[in-house]
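Working through the structure, step by step
Each chain, written out:
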Amino acid sequence: AIQRTFSIIKPDATKRNITGKVNAKIEEAGLRIIAQKRIQLTKEQAGGFYAVHKERPFYNDLVSFMMSGPVVVQVLEGENAIAKYREVMGATNPSEAAAGTIRAEFAESIDANTVHGSDAPETAAEEIPFFFSEDEIVG
Ligand code: CMP
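Residues numbered from 1 in each chain as written. Predicted model: local features only at pLDDT ≥ 70, side-chain atom pairs only at ≥ 80, totals over all residues. Heavy atoms only, no water.

1. Notes on the side chain of S118
Here S118 lies in the loop between β4 (115-117) and α7 (121-131). On the accessibility criterion, S118 (0% relative accessible area) is buried. A polar side-chain atom of S118 sits 2.7 Å from a polar atom in the side chain of E127. Ignoring sequence-local partners within four residues, the contact set of S118 consists of T5, F6, I82, R86, T123, A124 and E127. (Helix = DSSP H or I, 4+ residues; strand = E, 2+ residues; numbered from the N terminus. Buried < 20%, exposed > 50% of the residue type's maximum accessible area, 1.4 Å probe, protein only. Polar contact = N/O pair within 3.5 Å; in protein donor to acceptor, adjacent residues only side chain to side chain. Contact = heavy atoms within 4.5 Å.)

What follows is the structure, encoded as structure tokens:
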């Protein structure tokens, strides 16, 4: 089925000026970027978005990293988009990411891992409206 998933191009990628290279990978995989904006996350946004990780030891570093520069938030659409984008991203830890994936090619570390993508339909349904109103999504 056609699905929508939520994506973030993280500060390590905006810093290195490779957002276009990441988008090329997304589009080559057959996913369509149907909403996109470049923003600076506030502490409330970064902390709230990753609230599910609040008790994890990496939470504070994650929140400050996500505020360390601009991010590009996106909605991607396509056949089986949630699983497909996770495949295109590769494993969270770039040292475990399969060749050709975004994280294998571009990520610097498990923190500076270039992209985020929703892990399930329920997550996508929460993450998309966290950043986008319906009128900003043009499929
Ligand atoms: P992301 O998909 O954005 O979701 C949470 C992020 O936390 C993850 O990508 C990683 O960048 C970061 N992170 C840091 N350490 C870990 C860890 N041990 N396990 C999972 N995620 C981690």
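2. A look at the UniProt feature "binding site: ATP" (unreviewed entry) in the chain
As recorded in UniProt, the feature "binding site: ATP" (unreviewed entry) lies at K10, F58, R86, T92, R103 and N113. Structurally, K10 is set in the loop between β1 (2-9) and α1 (11-15). Since its relative accessible area comes to 5%, K10 is described here as buried. Beyond its immediate stretch of four places on either side in the chain, K10 contacts Y50, F65, M66, P70, V71, D111, N113, T114, V115 and H116. (UniProt positions renumbered as here; feature names shortened; annotations may be inferred.)

3. A word on the sheet that holds β1
Pairing between the strands of a sheet is mediated by backbone hydrogen bonds and can be parallel or antiparallel. Sheet architecture is open: four strands sit in the order β2-β3-β1-β4, paired in antiparallel fashion. Whereas interior strands pair on both sides, the edge strands pair on one side only; in this sheet they are β2 (32-39) and β4. Strand-to-strand twist across the sheet, computed as the mean angle between neighbouring axes with direction ignored, equals 20 degrees. The pairing of β1 with strand β3 (residues 71-79) spans eight bridges and is classified as antiparallel. (Pairing = 2+ DSSP bridges. Axes fitted to C-alpha atoms, helices over the stretch in contact; angles between N-to-C directions.)

4. Some points on the nonpolar core
Grouped together as the largest cluster of nonpolar side chains are 22 residues, with contacts concentrated most on F6, M66, V73, F131 and F132. Among the elements of the structure, β1, β2, α3 (43-49), α4 (59-66), β3 and α7 are those that each provide at least two residues to this core. For this core, the element with the highest residue contribution is α4, accounting for five residues. Setting aside chain neighbours within four positions, we find F132 in contact with F6, A35, Q36, K37, V73, Q74, V75 and I137. (Core = buried A, V, L, I, M, F, W, Y, C linked by side-chain atoms within 4.5 Å.)

5. Topic: the environment of I128
With respect to the helices, strands and loops of the structure, I128 is situated in helix α7. Since its relative accessible area comes to 11%, I128 is described here as buried.

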